[in-house]
Amino acid sequence: MMKKSLLVLTAALSFGFAAAQDTAPAAPAQAPTLTDVPAGHWAKDAIDRLVERGIILGYPDGTFRGTQNLTRYEAAVIIARVLDQIRTGEVTTTTTTDGSGLTPEDVTALQNAIQELAADLTALGVRVSDLEENAVNRDDFTRLEARVEELAGATGDETAITGIQTQIDELTARADEYDTLRADVDDNASSIAALNDLTVLLNQDILNLQDRVSAAEAAQADFVTRTDFDNLSGRVTAVDNRVTGVAGRVTTLENAPKFSVGGTVSATYGRLAVINGGVNFDVDRLVNGTGISLGDADVTTATDTDDTVARTNGAYTTASVIFGVKASNLTTANGTIVVNNAAINFGVNNAANIAGGDVLVKLNDASANGTISGQKFDVTYKANYSNFKFNDYLFSSSGDGDFKRRGIVANIEATQLPFAPKITVVTGTSAGVAPRLSGNYYGIRAAVNPVGLGTVALSFAQNDANRSAFSVDYDVKAGPVSLVGAWVNSFPSVPANFVAGGGTFQNAWNSRDQAFYTDAKAGFGGVSVAANYRAIDPQFADGVAGMSGTTDLAPYGANQVGFGGAAAANIGIIAVSAYGDSRTPYAGNTPRINNFGVAAGVKFGALSAKGFYNNSTSAGKSVGVDTADNSKFDGVNTTYMGTAAVPYQFSSTVGGVLTHDGSAATALIPNLSFTVADAYFYNLRRNNATTPATNDTSAATANDLQVYGSYTATLGGVKIAPFARYHLFSTAGGALVFDEANVGTPVAAVPPSTVTPPNTYAGVGTGTYNNIKYGVQISTQPFTGVPLQPSIFANFSNRIGNPGTSVATRGTASSTELLGQAGLTFNQFLAPNLKATVGYSYYQGFKVSSAVAGLGADAYSTTIDRVYGGAGATNPLAGANFGTANVKAQGVFGQLDWNGLAANYGVFRNTDLNTNTTSVAQGFKVSYKFTF
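About the cut-offs
Residues numbered from 1 in each chain as written. Predicted model: local features only at pLDDT ≥ 70, side-chain atom pairs only at ≥ 80, totals over all residues. Heavy atoms only, no water. Pairing = 2+ DSSP bridges. Helix = DSSP H or I, 4+ residues; strand = E, 2+ residues; numbered from the N terminus. Patch = residues over 30% accessible without salt bridge, like charges linked within 9 Å, V, L, I, M, F, W, Y side chains within 5 Å. Areas by Shrake-Rupley, 256 points an atom, 1.4 Å probe, with all protein chains shown as cover. Salt bridge = Lys/Arg side-chain N within 4 Å of Asp/Glu carboxyl O. Core = buried A, V, L, I, M, F, W, Y, C linked by side-chain atoms within 4.5 Å. Buried < 20%, exposed > 50% of the residue type's maximum accessible area, 1.4 Å probe, protein only. Contact = heavy atoms within 4.5 Å. Expected span 1.5 Å × (residues − 1). Phe/Tyr/Trp six-rings, centres within 6.5 Å; stacked < 30°, edge-to-face > 60°.

The protein carries the name S-layer homology domain-containing protein in an unreviewed UniProt entry, which gives Deinococcus oregonensis as its organism.

Caption draft 1: Layout of the pairing of strand 33 (residues 917-931). With 12 bridges joining them, strand 1 (residues 258-276) and strand 33 adopt antiparallel strand pairing. Residue A273 lies in a different strand from strand 33, and its bridge partner there is Q922. Counting the residues that bridge the hairpin from strand 32 (residues 901-912) to strand 33 gives four residues, and of these N916 lies at a positive phi of roughly 60°.

Caption draft 2: Quick look at a nonpolar patch on the surface. Where nonpolar side chains cluster on the molecular surface, the patch consists of F259, V261, V265, V325, W898, L901, V926, Y928, F930 and F932 and spans about 890 Å² of accessible area. Of note, Y928 is situated in strand 33.

Caption draft 3: Structural view of the nonpolar core. Ranked by internal contacts, the top residues of the largest apolar core, which has 50 residues, are Y393, L394, F395 and F540. Breaking this core down by element, the ones donating at least two residues are strand 7 (394-396), strand 13 (481-492), strand 14 (513-524), strand 15 (527-536), strand 22 (672-687) and strand 23 (697-711). The biggest single contributor to this core is strand 22, with four residues. Setting aside residues up to four positions removed in sequence, L394 forms contacts with K389, S459, A461, A469, S471, V488, G546, M547 and S548.

Caption draft 4: Region of interest: helix 3 (residues 72-87). Here helix 3 contains 16 residues, and its C-alpha end-to-end distance of 22 Å stays within 8% of the 22 Å for a straight helix at 1.5 Å per residue. Looking at helix 3, one finds that the buried residues are A75, A76, I78, I79, A80, V82, L83, Q85 and I86.

Caption draft 5: Representation of the packing of aromatic side chains in the model. Across all of its chains, the model carries 23 aromatic pairs by this definition. Note on Y579 and Y640: the rings are 5.6 Å apart at their centroids and 25° apart in plane angle, and the pair reads as stacked. With Y579 in strand 17 (residues 574-584) and Y640 in the loop between strand 20 (621-622) and strand 21 (653-660), this residue pair connects regions lying 61 residues apart in the sequence. In this pair, the class of Y579 matches that of Y640, namely buried. One aromatic cluster is present, built from ring pairs that chain together F388, F390, F395 and Y441.

Caption draft 6: Summary view of unusual backbone geometry. Following A434, the chain continues into P435 via a peptide bond in cis, with omega recorded as 15°. On the secondary structure map, P435 appears in the loop between strand 9 (422-431) and strand 10 (438-448). Between T590 and P591 the backbone carries a cis peptide bond, its omega angle lying at -10°. Within the fold, P591 resides in the loop between strand 17 and strand 18 (593-604). One non-glycine residue, M547, lies in positive phi territory at about 50°. Tracing the sequence through the fold places M547 in the loop between strand 15 and strand 16 (560-571). Taking relative accessible area as the criterion, M547 reaches 0% and is therefore assigned buried. A positive phi angle, near 70°, is found at L830, a position not held by glycine.

And the structure:
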């Protein structure tokens, strides 16, 4: 029986291990090769699998001995190896989905084999116990033997001795058998323990299976019949069909046309006028940056329609109603045209001004996008400021608000045409004045991308009775090289230029105005290079020849022929760059203006330091700052063609710049930004005579030092933003210096200066001057734990400018400005969402540009010297023109704001200290905007 069970178990293990090996083979380091298993034997595959799994290893001589009986010892070893693999997880006692592991039949066979082996071992133990009870050890035999010999010698009874000897031999044989059995028991003790452990595991698996069978039998009462299941299946199918139908209806609704109505209603009523004194002045110098709205937020004008200029009845009223309809998912009956989105917006004229006539509804704008036969399109109509751009020098009006253009712009991606062009059509009417874009205009542009490298476009544009033009523009890239450019030919509409008007084609071609430029750039790892060539006719100034807006969006100005190049390289923390540029007027070769510069430096995160050298000449003479038409001078922060970052380019300077960007993620000190820039101007000229002449000059130099910075911090809920700026422009001995290119120019044509150091000729050039400017802006968040939830703001800016190097005020020689603003806001004032603000502002300026307006809103800028007036030009050679006006202005103001309804009020006083004239202005503005 034992042999039969082991045979069954061996076969089961062979197949079980084979299945497990198919899914997760685990080969021993090296399986032994059994030399006596015939190649074609019916059991060879099973034997090989057991050998590969380490269950059978064979005899030491490499044989299997398949015809030899299997001993219990060998069976115990085989089963112990199986148990070890079960413990390590190499063999599982449950059959997996892929067929690996032991089946229940395998487990049963293994249990039977273990039980039979355990029974045999038990019987063996009984025999051993019997032997132990009846056995004697060899010491007893030796004593007994000695005693027998002694008795034999004493009695001589040979027969008795022989009998005793026979008994001794039998006991010896039994002792030998006992020793052998004891050794066998000791050898198999570990196997017996392992078999006992496996028996426990298998019994537990059997109990678990019995529990599952019992649970299944107990739940059998809850099982449904096949008929019930079929009925439920039918109901599910019906519900699924209904859901599918609903989904189809939802999809239909989603694709159905949709419409919505929206818009705004806004109204403004107010008055801002001088009520005493009669001199208009700009109140925005006092309220700029406070959130109060009474003027136009432009500090440079004192007599525009939103400041203190006198008006009819001293009041103004505006009101607007804008409403529109939006639609989507519109499709023609044949499905050719699909409109994804469309909108149309209307406005109301004269909603509040009865003197303006009847209330009229007007069309403001309309738009639509979708597909035509699968080709994407979009179209836009605007009643005012229709924006379009063919290229940089033709029909370029995007972002320009100088004059109105009413028209349509349509685009379609004509993928069904050869080369799949993108076509743009523009048409409309312009309110500009000739020779600019005026009257009816129309144009067409087709852009193609035939080889996937970029676009090439052809354009035609015409403005009735003004001009016609055609152009080619391109924006392509091949690998690291990109090329961008345009060529525009513009023909004035005069009879001599057209065959129909009596002219000839040759005349038209010869009299055309043209603009051409091309920019080439390439990048190779950390190296970038760029080059350009341009030739721009003077008629392209102010957008005339290109029928464009007045905003100069072109990369190069009119009236020049020039070329240039730039290079930059970054090697670790080291950065180097260089540029060169040369240009002449379009119609001649003189003067030729050349500019060249290089820079090199290092960068550590947000901190960078670089040195630079620039040279600028005009007609061979040195130029301190290239201020001629088309100059690219922009002070400290300039980059040529977006490639060469050389400070003070387009000048004759040498120096260095240290900067730290506090907004960068790599900032050494977050929120701290500063710049230290020092530029030395060489090859300047100065007067060396006490009487004016055109050639009594000698060489001179100047140094320009600028140090400025700002910091932002929040302490205890209070935001503090201090700033400071120091600017020193110094010349040798305080002499008035000017560009070498101005030698020979009449004195009256040279920019004058009011700075008059001793022993120099006044009125020519710029002498030593300095400006110091500092201030702080403070604001808080609402104090939510305090009644009315107040918040405050306080702004302060002060500037002192002097001739010479002293920063202290020098009486009437100094130019100073002071601005102070403070306000208190109650963020929950008497009613939810009602905000109330009150504030006060004070400004005074001595030797500034104007008593009634400023040059720019630069009060808290760190890059400009001035607050509102006085010094502040980007060109340091013009920075000493402080001005002559002296003024003091102040005002109180307030605002109530509730859910979009804002009421502003203020009283302001302006005093011209030169004439001791005071004017008082009063203003209020109530505005409301509702969006629906």
